[in-house]
Amino acid sequence: MGYFSKKTMVDCKICNRKTGQIISFGKMPIANSFKSKIVEEKVLLSNLSLAFCPFCLMVQLEETVASEILYSRDYPFISSTSNVMANHFEKMAQEIIRKIYGKKKPFVVELGCNDGILLKHIAVKKINHLGIEPAGNVARLAEKNNVKVLCEFFNKKTAMQIVKKHGKADVIAGANVISHIENLNSVFEGLKILLKKNGYFIFEDPYLYDILEKSSFDQIYDEHIYYFSGLSIMNLALKYGFQLVNMKHQNVHGGSMRYYLQKSEIRNPKSEIKRWVDKEKKMRLDKIDGYLGFKNRVDKTCFVLKQTLFKIKKSNKRIVGYGATSKSTTLLNYLKIGPEIIDYIVDITPTKIDKYTPGTNISIKSRDFFIADNPAYVLLLAWNHKKEIFQKEKKYRQKGGKFILYFPKILIE
Ligand code: TMP
Ligand code: ZN
C-alpha cells in the first residue's frame, strides 16, 4: 500500500476498503451535457479521477455525479447512429435467441435499452421482453421500435415489480450500462430476484485491458463509473452468489468484453475465462504496479497530440472534430482545446447538432455542413468508429482531407 498517498485514498464502492488513485484529470463538466448556447463560465461539476482497489481489483471513479442528473433528463446519446453498432446488437440478439432456444415462453430483459437497438430484434420474433430505460426520450424511441419499456432505474424494487407482472427472466442483458451504475449492490439484489435459476446475465462494457493497452484515457468520464476486467467481475459475481461462466471479447467501443454470469449453483465456466484472466494478470491488473505507468503514458500522448494540432494551426490549415462523443469531453477539457483550435465538430445525432460541447464551447454541425466546408484536417474524436467513418468519408480523404488519430499512437491518415 506504500504507493498510495493518504490524501488520495478513498473507499472502494464494492468492498469498502481503501483504493489508490491511478490518475486525476481535475474538474470536468458532465460529459454528455451539450449546451444550446455558449456558456461562458464553465460549469465544472466533478473531479474526474480513477482509483484501483487492491482487494477486490475493481477500477472505479473516485467521485461520481448522481445518476438522476446524468440520465433522467433528455439523454443525447442515441445507440442507432452507427451501422456497425446496429449490426453488433443484431448479432447479440441472435446469441440471446440461441440461449433461449426451446424454452417455453422465454422472457428477455434488457437494462438500459436506449432506443431499442438490441431488443427490437427480440420483439420482432414475438418473444416476451422488457427494456428498462430511465431516460424518457430514448425510452420513447424504443417504444417506436415496438419494444416494451419500463421507464425506471433497475433495482430490487423494480425487479420485484417485473417478476410480479411478467415472471422471472431467462436472459438479462446490458450493454454499456452496468459500468454506469454506481450502486451495483442494488443491481445484483435485483438480478437475484429477476433471473431464473439457470438463466444468464449477459453484459458488456469497455474492457480495462484495452484501455490500459492503448492508454485510451478519454474512455474515462462521469458515466463510466467502473472499468471492468475478468478479475474484478469474478470477485463481484462471487460476492452476490453468481459465477462468471464465460467471457467474449468484442471489437466495439475501442475493445469491450462481454461477460456471462449465472447463479453460482450452476457450474459450467468456460476455459476462455482462464485465457483472459491470465492475460490480465500478465499485464498485472491485479497489482498496483500494473497501473503505475498509465498517467505518464497518457500525458505523453496529450503532449504529442497538442503539439501536432498547434503545428497544423501554425501552417494556417483548419481542423474540425468528428463525433461529439462523451469521450471527447474528457479529451478536450483535459487538453484545454476549444474553438481556437477546433472550428466545429461534425456529428449526425439530431439532438447534438447546433449545440456546444461541455466546458469547451465548440459548436456541433451536421455532416452536410462538413461536406460543403471541406476542412483540411479532422480530429477523429469518435476513434472507436474509425472503420465506419473512413468508409463514409472515403471521398473526403480521396480529395486530400486528412484524419488525425491518437490511439494507440498519433497518426495522420
Ligand atoms: P460513441 O463513441 O459514444 O459511440 O459516440 C459516437 C458519436 O459519433 C455519436 O455522437 C454519433 C457520432 N457519429 C457520427 O456523427 N457519425 C458516424 O458515422 C458515427 C459512427 C458516429
Ligand atoms: Zn474493493
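Located above this text is the structure these notes cover.
Because the structure is predicted, anything quoted here is derived from the model rather than measured.

Cut-offs applied
Counting starts from 1 at the beginning of each chain's written sequence and moves along it residue by residue. Following the order in which they are written, the chains are lettered starting with A and the ligands numbered starting with 1. In keeping with the predicted nature of the model, local features appear solely for residues at pLDDT of at least 70, side-chain atom pairs appear and are counted solely at 80 or more, and the whole-chain, interface and lining totals rest on all residues. As a convention, hydrogens and water are excluded, and side-chain values are obtained from all of the structure's heavy atoms. The salt bridge definition used is simple: a Lys or Arg side-chain nitrogen within 4 Å of an Asp or Glu carboxyl oxygen. To sort residues, take the accessible area from a 1.4 Å probe on protein chains only and compare it with the maximum for the residue type: under 20% means buried, over 50% means exposed, and anything in between is partly exposed. Helix and strand labels come from DSSP, where a helix needs a run of H or I of at least four residues and a strand needs a run of E of at least two; each type is numbered from the N terminus. Should any heavy atoms of two residues lie within 4.5 Å, those residues are considered in contact. Note on donors: an N, O or S atom is included if it sits within 2.8 Å of the metal, or within 3.2 Å for Na, K and Ca, and water is never included, so sites can look incomplete. Angle rules define the geometry names used: all angles between 85 and 135 degrees makes four donors tetrahedral, while opposite donors over 155 degrees apart and all other angles between 65 and 115 make four donors square planar and six octahedral, leaving every other case irregular. If a single non-hydrogen atom of a residue is within 4 Å of a molecule or strand, that residue counts as near it. Polar contact is defined as a pair of N or O atoms within 3.5 Å, subject to the rule that within protein one atom must be able to donate a hydrogen and the other to accept it, and that residues adjacent in sequence are counted only when both atoms are side-chain atoms. Areas reported here follow the Shrake-Rupley algorithm with a probe of radius 1.4 Å; residue values treat only the protein chains shown as occluding. For this scheme, ten residues count as nonpolar: Ala, Val, Leu, Ile, Met, Phe, Trp, Tyr, Cys and Pro. Four count as charged, namely Asp, Glu, Lys and Arg, and the remainder, Gly too, count as polar.

Novice: Please explain the pattern of salt bridges as it appears in this structure.
Specialist: Between side chains of opposite charge, a pair can form when the charged atoms approach closely. All told, the structure shown has 16 salt bridges when counted by the stated rule. Bridged by salt links that share partners, the residues Glu-95, Glu-204, Lys-248 and Arg-258 form one connected network.

Novice: It is not clear to me how helix α8 (residues 230–239) should be interpreted in this structure. Could you clarify?
Specialist: Because an α-helix packs 3.6 residues into every turn, residues spaced three or four apart end up facing the same way. Residues of α8 that are buried include every one of Gly-230, Leu-231, Ser-232, Ile-233, Leu-236 and Ala-237, and no others. For α8, the elements touching its buried residues are α6 (184–194), β8 (195–206), β10 (242–250), β11 (256–263) and α9 (272–282). Directly after α8, the chain includes Gly-241, whose backbone phi takes a positive value near 80 degrees.

Novice: Mind showing me how you'd approach the coordination of the zinc ion (ligand 2) here?
Specialist: Metal coordination angles in their ideal form are 109.5 degrees for the four-donor tetrahedron and 90 or 180 degrees for the six-donor octahedron. Binding of the zinc ion (ligand 2) to the protein goes through Cys-12 (SG), Cys-15 (SG), Cys-53 (SG) and Cys-56 (SG), at separations of 2.3 Å. Coordination at the zinc ion (ligand 2) is tetrahedral: its 4 donor atoms span angles of 101 to 120 degrees at the metal. All donor residues of the zinc ion (ligand 2) come from one chain, and their arrangement in sequence is C-x2-C-x37-C-x2-C. Taken as a pair, Cys-15 in the segment before β1 (20–28) and Cys-56 in the loop between β2 (46–52) and β3 (59–61) lie far apart in primary sequence, 41 residues in all. By the burial criterion, Cys-15 is buried, and Cys-56 matches it.

Novice: How should I be thinking about the site of ligand 1 in this particular structure?
Specialist: Around ligand 1 sit 19 residues in total, of which Lys-327, Asp-347, Lys-352, His-385 and Lys-392 are the nearest. Between ligand 1 and His-385 there is a distance of 2.8 Å, counted from an oxygen atom to a side-chain nitrogen or oxygen. Between an oxygen atom of ligand 1 and a side-chain N or O atom of Lys-392, the distance comes to 2.5 Å. Isolated, ligand 1 exposes 480 Å² of accessible area, and the fraction of that covered by the protein chains is 97%. Looking at side-chain class alone, the shell around ligand 1 contains 6 nonpolar, 8 polar and 5 charged residues.

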